[in-house]
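# Observations on the model geometry
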Amino acid sequence: MEELTGQSSFSRESRPPDEGRYASGNLILWIAAIAVLVGLNFASWSFCMWVFGQPEHPMNYGLLNRLGKMDPIVGFTRVSSPRGNFYSAKDLYAEVYSFNASELGAYNGILKRSYLKNYIGKGDVVFLSGDFRVKSVQEMGDEDVFQSGLVVRGRSVDFPDAEIDLALPSQEMPEKFDLKTGEIFRVDESTTCAAVLNVERKADDVMVFTVVPLVTKTFADPPGPKPYEFGENAVINISTPEKIRLEPDRWPISGEVEQVKKKPTGLSTGDSVVDGESVQSEEADE
């Protein structure tokens, strides 16, 4: 039996001169490779957490939909609608007025995230209610947040610095929707549950609250679209689309009245909109 001495085949002295250096180099390479793999694993895990945790970002929302990992948006009946707090236009204005641009962006992100996740586990939904005066009625199209339906822009009767974009998504447009500029309409609490999706601060400190009714189903079996009535000749059957568009430039939904390209719904051929009021053109008078 060979005696393990300083001159044995296992001793440092008996090894080739560069063998120890090569072994050390290989060990460093293995450590570096493992560190890279751990970093990539952590990065992929963090990215997945960000994508699934924040679907309100347009890129994340599009990716989740393509992968089939995003549950469709659903509507509610009056009984099944989530619980929340109802704000008047003045109270909600006071709630968000002090927010800077970054804080308002984060607040809007939370509002959209809750909506996209169907308010699962949420008991503090932000609802808006009150009386508003019609500024415009516009048709929504493929480039809007909701691809079909109407959006009513109104100014609060009690607090003029607050405006509302009431989105009314619908799969079928009404043949007639007679809602005149200047008319007053009411957004009820329990019958509508108008959830706030976005808050936009204009240059003059006017706040535009984009809201959408959560109560979009009747009690029929199966539940059908819920009629939303402004008057006898202004009724639209609203329904919840499974997907929406989230790009920042689509909020608020309705454009300023002076810049409207589409003819507002309900106006006759000879009508136009100037400064929020419907006026008769000279040709129509003749």
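Here, every reference points to the structure presented above.
Residues numbered from 1 in each chain as written. Predicted model: local features only at pLDDT ≥ 70, side-chain atom pairs only at ≥ 80, totals over all residues. Heavy atoms only, no water.

In this section: unusual backbone geometry. Following D221, the chain continues to P222 via a peptide bond in cis, the omega torsion being 0°. For the bond from W251 to P252, the omega torsion is -10°, close enough to zero to count as cis. Residue placement: P252 occurs in the loop between β10 (234-238) and β11 (271-274). With phi around 60°, N118 is a residue other than glycine that occupies positive phi space. Within the secondary structure, N118 is located in the loop between α4 (101-116) and β2 (125-128). (Helix = DSSP H or I, 4+ residues; strand = E, 2+ residues; numbered from the N terminus.)

This part covers the packing of aromatic side chains. Two measures describe an aromatic ring pair: the distance that separates the ring centres and the angle between the ring planes. Overall, the coordinates contain nine aromatic pairs when judged by the stated rule. Relative to Y119, the ring of Y115 has its centre 6.3 Å away and its plane inclined at 70°; by these criteria the two rings are edge-to-face. Take Y115 and Y119: they sit in the same class, and that class is buried. For the ring pair F185 and F230, a centre distance of 5.7 Å and an interplane angle of 70° mean the geometry is edge-to-face. Residue F185 is found in strand β6 (residues 184-187), and its partner F230 is found in strand β9 (residues 226-231); the two are separated by 45 residues along the sequence. Side by side, F185 and F230 carry an identical accessibility label, which is buried. By way of ring pairs, the aromatic residues F132, F177, F185, Y228 and F230 are connected into one cluster. For K112, the ring lying beneath its charged end belongs to W251, and the centroid distance is 4.5 Å. A cation over an aromatic ring shows up here: R201 above the ring of Y97, its NZ or CZ 5.6 Å from the ring centre. (Phe/Tyr/Trp six-rings, centres within 6.5 Å; stacked < 30°, edge-to-face > 60°. Buried < 20%, exposed > 50% of the residue type's maximum accessible area, 1.4 Å probe, protein only. Lys NZ or Arg CZ within 6 Å of the ring centre and 35° of its normal.)

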